[in-house]
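# A look at the structure
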Amino acid sequence: MKKSALLISFSILIIGLGILFIALTSGNNIEKTESERPLVLSMTASVAIPESMEFAGERITFDRYDKRERMDRELNSFTYFHSTTLLLFKRANRFFPVIEPILKQQGVPDDLKYLAVIESSLDPRAVSPARAAGLWQFLQSTGKQYGLETTSDVDERYHVEKSTVAACRYLKEAYHRHGSWSAAALSYNGGQARVTNGLRDQGVDDSLDLWLVEETSRYYYRMLAIKQIFENPQQYGFVIRPDHLYKPMQFKEVKVFSSIPDLATFAKQHNITYAQLKDFNSWLRNTSLSNPSGKTYTLLIPTQEDLYYKKGESPKVHNPAWVVK
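Values in this document were obtained by computation on a predicted structure and should not be read as measured data. (Residues numbered from 1 in each chain as written. Predicted model: local features only at pLDDT ≥ 70, side-chain atom pairs only at ≥ 80, totals over all residues. Heavy atoms only, no water.)

## A closer look at the overall build of the protein
A tally of helices and strands in the protein yields 11 helices and 4 strands. By residue count, 43% of the 325 residues in the protein fall in the buried class. Here the contacts in the protein between residues at least 6 apart in sequence split such that 66% fall between residues at least 24 apart. About 18,500 Å² of surface is accessible on the protein, with carbon and sulfur atoms providing 55% of the total. (Helix = DSSP H or I, 4+ residues; strand = E, 2+ residues; numbered from the N terminus. Buried < 20%, exposed > 50% of the residue type's maximum accessible area, 1.4 Å probe, protein only. Contact = heavy atoms within 4.5 Å. Areas by Shrake-Rupley, 256 points an atom, 1.4 Å probe, with all protein chains shown as cover.)

In structure tokens:
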């Protein structure tokens, strides 16, 4: 009996020592775990930079330090600027079907549509601090130079189709002057004279080798980055369903040859609100349209069906690569 009691006591002692050892060592592990625990609830990884890519038929490699670091900045920026980049996909589903055929018809590479993405975030009503306006961000003087009407009643910088044609005219002119679409894109931001003088004064042949103001230096790489994400959205963490995208709109075109004294009344006659009329015809800049010369204007009236999202509706997806099903 005494032996049994002794054996039990010894066993209890061994178990106690074991528990004490585990407690001491686990305490150290807890302290170590606590010290190594991340201070944030999610991890952020820097995205890989491609070795090279093609834009508007021109190849650029990212092995040189400045090109690699500039691409790194813009690609990471768009990747983690989630709300803004998501909105760009949504708007592109509405506006790319309008822009792309015009670029093709005008003989401008399709990739130049990303210039509008960078310029205005695909917002036709965008206005910059410098008072550049519309999808392609024309200054008033430049807009007039490239055929856009700007009066107190009409400002075609806000006209999606006409401003796209004007942008094509500018880009083609810059391309013929400089010999590359990268230079044409930089000219769009910084001005053709600045690129021309820079190439001469700095003694380089490639516009991407120029020392320019930061905004213009970043400009081309921002287009490269957004193209990379638009072509590979899931790789950069963007998971979009078809019903997340803004649907393309269908319109009835109404041609007018005379003045419209009250646009609100005109809208009501076409079964839409004044706000909806202005939303899709942002080039109308007043509450009326004076037209003393009898010029022909085309107003877009959205169909009643397209004014609403319907449950279970299968929306048109402009680019299947954007969505998961």
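## Some words on the side chain of Thr 79
If you trace the backbone, Thr 79 turns up in helix 2 (residues 65–80). For Thr 79, a relative accessible area of 2% puts it in the buried group. Ignoring sequence-local partners within four residues, the contact set of Thr 79 consists of Val 47, Ile 229, Tyr 236 and Phe 238.

## Description of the environment of His 318
Considering the arrangement of structural elements, one finds His 318 in the segment after strand 4 (297–302). The spatial distance from the C-alpha of His 318 to the C-alpha of Lys 247 is 9.2 Å, given a sequence separation of 71 residues. Discounting residues that sit within four places of it in the chain, His 318 has contacts with Asn 93, Phe 96, Pro 97 and Glu 100. In this structure the side chain of His 318 is engaged in a polar contact, spanning 2.8 Å, whose partner is the side chain of Glu 100. (Polar contact = N/O pair within 3.5 Å; in protein donor to acceptor, adjacent residues only side chain to side chain.)

## Things to note about the layout of surface pockets
The probe, sized like a water molecule, is rolled over the atoms to show the empty space still left. In this model, the largest pocket occupies a volume close to 640 Å³. Arg 94, Phe 95, Pro 124, Val 160 and Phe 280 are the residues nearest the centre of the largest pocket, which is lined by 29 residues in total. For the lining of the largest pocket, the secondary structure elements donating two or more residues are helix 3 (82–106), helix 6 (160–178), helix 11 (274–280) and strand 4. With 6 residues, helix 3 is the single largest residue contributor to the lining of the largest pocket. The residue inventory of the lining of the largest pocket, partitioned by class, reads 15 nonpolar, 7 polar and 7 charged. Looking at the second largest pocket, its volume works out to about 500 Å³. As for the second largest pocket, its lining consists of 23 residues, and the residues nearest its centre are Glu 119, Tyr 188, Asn 189, Glu 215 and Tyr 219. Secondary structure elements with two or more residues in the lining of the second largest pocket: helix 4 (113–120), helix 7 (181–190) and helix 9 (214–231). The leading source of residues in the lining of the second largest pocket is helix 9, at 5 residues. When its residues are assigned to classes, the lining of the second largest pocket shows 10 nonpolar, 8 polar and 5 charged. (1 Å grid on protein atoms, 1.4 Å probe; cavity = no way out; pocket = protein on both sides within 12 Å on 5 of 7 lines; lining within 4 Å. Points joined across faces, edges and corners; volume = space filled by probe spheres on them. Nonpolar A, V, L, I, M, F, W, Y, C, P; charged D, E, K, R; others polar.)

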